[in-house]
Amino acid sequence: MRKARQRTLYCTPVEKATIQAAAAKLGDPVSRFVIASGLRNAAAPGQGPVGEALVLTGGEQRALVEGVERLMALDAALREPLPGIGVTALEALAFVHRRLAVETDRAPPSGPDGSGPPGSLFDRSGPAGGRR
């Protein structure tokens, strides 16, 4: 890869402030903003991604990447064995889901308040039969 070279651009103080504000709004350094703007303006419309503006700002792109990283960490955590029981959180959730499905199939029609039989997973009464 070739070494980057410095270039000098001349502009008025107002133009410089406008460029700096636009770069800051995108969360980019001024040099990256100027280069991207120049490439976008040099390309003819419809001739590829260089001539088209980005749909997401720099901040939105970073937020998207951070969200994906959080999802990947959650996925990894769900696949890790839980301490002391040797099953993953996903396997435990699948068991609970199957248990709820069996309970639903066996449950008599629910009462007017939507609760299931006493002591079931669907029982919404408190310890003394009152509402929680």
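A short tour of the structure in this document, coming up. (Residues numbered from 1 in each chain as written. Predicted model: local features only at pLDDT ≥ 70, side-chain atom pairs only at ≥ 80, totals over all residues. Heavy atoms only, no water.)

### Overview of the overall build of the protein
Going by this rule: To qualify as a helix, a DSSP run of H or I must reach at least 4 residues; to qualify as a strand, a run of E must reach at least 2; elements of each kind are numbered from the N terminus. Buried residues are those whose accessible area, probed at 1.4 Å on protein chains only, stays under 20% of the maximum for their type, while exposed residues exceed 50% and partly exposed ones sit between those limits. In these tables, accessible area is a Shrake-Rupley quantity obtained with a 1.4 Å probe, and a residue counts as shielded only by the protein chains included in the view.
Along the protein, the regular secondary structure elements total 4 helices and 0 strands. Across the protein, helices and strands are ordered from the amino to the carboxyl terminus as α-α-α-α. Here the protein holds 132 residues, and the buried ones make up 10% of them. For the protein, the accessible surface area stands at approximately 11100 Å², while carbon and sulfur atoms represent 62% of it.

### Overview of helix 1 (residues 13-26)
Test applied: Here a helix's expected span is defined as the number of its residues, less one, multiplied by 1.5 Å.
The first and last C-alpha atoms of helix 1 sit 20 Å apart over 14 residues, in line with the 20 Å expected at 1.5 Å per residue. Residue Gly27 follows helix 1 closely and has a positive phi angle near 75°.

### Some details on the pattern of salt bridges
Here is the rule we go by: Only one rule defines a salt bridge in this text: a Lys or Arg side-chain nitrogen within 4 Å of an Asp or Glu carboxyl oxygen.
As enumerated under the stated definition, the model contains 2 salt bridges in all. Across the salt bridge formed by Asp28 and Arg32, the nearest N and O atoms sit 3.7 Å from each other. The class for Asp28 is partly exposed, based on a relative accessible area of 22%. Close ionic contact of Arg79 with Asp75 constitutes a salt bridge, the shortest N to O distance being 2.7 Å. Within this pair, Arg79 and its partner Asp75 are both found in helix 3 (residues 58-79), separated by 4 residues, close to a single helical turn. A relative accessible area of 52% places Arg79 in the exposed class.

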